[in-house]
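The chain contents come next:
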Amino acid sequence: MPEAVKTAEAEFSKGLEGVIAARSVLSLVDGTGGRLIYCGYPIQTLAQNSTFEEVCYLLWHKRMPLKTELEELDHLLKTNREIPGELVDLIYHFPRRAHPMDALRTAIGYLGMTDPETETMNPEANLRKAIRMTAKLSTITAAFHRYREGKEFVPPRTDLSHAGNFLYMMHGKQPDAEDTHIFDVCLILHAEHGMNASTFASLVTISTLADLYSAIVTGIDTLKGPLHGGANEQVMRMLQEIGSIENVEPWLANAFATKKKIMGFGHRVYKTYDPRCSILKEYARRLSEKHNSMTWFEMGSLIEKIMIERYGQKGVYPNVDFYSGIVYSFLGIPIDLFTPIFAVARVSGWTARCLEYLEDNRLFRPLDLYQGPENLDYVPIEKRTS
Ligand code: COA
């Protein structure tokens, strides 16, 4: 494959659709086969057998760890959870109504200013920063949540898993084993996903040889947009608006008549069932039963049935966002924290991608298709008429 093409021969692709922007061994998103694979392991296998910590190792090292290697990483993730007291103070002075993604970005930017290794760009230092950021991002997210609720910061514990500790810092009490496991699987499912917009944005930043903190700030900012990370929020808001199982059919009929997009359906790559969605659907069902509250799940299942009947042939199926909102809600996570939680998981994939890209770095510098005039005469300002 040629590494470059001349302008005259280059094809324009709006939104870079269909353009291969990098080589990677980290994940395969198979849109027609409905498969997601991390470093050779199908997502179902990882969801069933692995942990978020092990998936972090897999992505950062491109292979499964030995027992001692996983123990070492687990120890590092646990002992790097704390954030500086000044950062806790800073978070507790953020505007209360700030978007949580803005809070995350600002806090990671602050950490970048305090980390003595920020500007050290060798692979070992970058891996250490990846571990630190992954460990601390969940503490930052929980801290901002506690602050907004008018509650005290809950410092991290070192005896809980990454998933368990996050729920503990959010709620101030230790979660049960089932909630911890389900949240752990959510983190695994969201850790990595091909050349999505935020991953691409992070790679553009790291390709300039800016530091890893800057690349992750770019990723967070890009994930914020509703076309990327924000769809699961919209799904919960839609379920709230529909309100009851009886209202599903009339609400959808109206949405179809007004050509409204139904959130949590369709995907740029998956043209069949998103493999992450079936896993989340099962957990949404389990949690609904546990809480003896089936309404959202039943509404979701009915919406799914009607949507697949209508749009399945066009390749529109439920995506990862459709059931994740129901799962998060039962885990006590407020709607506007769904996207930050995505970042809590995806920071592993963003950092892994950046480490991988730096192995064979090439500055991203696409072309554009200039469509303006050329050689205009300069008219002095006093002589311009329009
Ligand atoms: N609701 C209703 N119709 C939808 C739809 C949805 N969520 N997603 C796609 N369609 C329709 C399109 O309008 C199009 O109809 P047409 O053939 O009459 O023009 C057809 O299905 C095929 O759409 P497609 O071109 O495959 O979608 P896309 O690649 O342009 O868009 C998304 C992909 C994700 C942007 C789009 O599906 C969407 O906006 N979904 C809702 C938001 C969401 O859940 N995002 C999270 C993605 S993980």
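Residues numbered from 1 in each chain as written. Predicted model: local features only at pLDDT ≥ 70, side-chain atom pairs only at ≥ 80, totals over all residues. Heavy atoms only, no water.

## Comments concerning the site of the ligand
(1) Moving on: By nearness alone, 16 residues border the ligand, and Ile-262, Gly-264, Phe-265, Lys-271 and Lys-314 come closest of all.
(2) Moving on: Between the ligand and the protein, one listed contact pairs a nitrogen atom with a backbone N or O atom of Phe-265 at 2.8 Å.
(3) Moving on: With the chains in place, 67% of the 880 Å² that the ligand exposes on its own is no longer accessible.
(4) Moving on: Class assignment for the residues of the shell around the ligand results in seven nonpolar, four polar and five charged. (Near = heavy atom within 4 Å. Polar contact = N/O pair within 3.5 Å; in protein donor to acceptor, adjacent residues only side chain to side chain. Areas by Shrake-Rupley, 256 points an atom, 1.4 Å probe, with all protein chains shown as cover. Nonpolar A, V, L, I, M, F, W, Y, C, P; charged D, E, K, R; others polar.)

## Quick word on the pairing of strand 2 (residues 35-38)
(1) Moving on: Both strand 1 (residues 27-30) and strand 2 contribute to a ladder of four bridges, which runs antiparallel. When the sheet's bridge partners are listed, Asp-30 is paired in strand 2 with Arg-35.
(2) Moving on: Counted along the chain from strand 1 to the antiparallel partner strand 2, the turn is four residues long, and its residue Gly-34 has a positive phi close to 65 degrees.
(3) Moving on: The sheet contact formed by strand 2 and strand 3 (residues 41-42) spans two bridges and is antiparallel. Counterpart to Tyr-38 in the pairing with strand 3 is Tyr-41. (Pairing = 2+ DSSP bridges. Helix = DSSP H or I, 4+ residues; strand = E, 2+ residues; numbered from the N terminus.)

## Digging into the sheet that holds strand 3
(1) Moving on: The antiparallel open sheet is built from three strands, whose spatial order is 1-2-3. This sheet does not close on itself; its edge strands, each paired only once, are strand 1 and strand 3.

## A short note on the pattern of salt bridges
(1) Moving on: Enumeration over the complete set of coordinates arrives at 26 salt bridges.
(2) Moving on: The partner of Glu-359 in a salt bridge is Lys-62, and the shortest N-O contact between them spans 2.7 Å. Highlighted residues: Glu-359 in the segment after helix 16 (338-358) and Lys-62 in the loop between helix 2 (52-61) and helix 3 (67-79), separated in sequence by 297 residues.
(3) Moving on: A salt bridge links Asp-274 to Arg-276, with the shortest nitrogen-to-oxygen separation between them at 2.8 Å. (Salt bridge = Lys/Arg side-chain N within 4 Å of Asp/Glu carboxyl O.)

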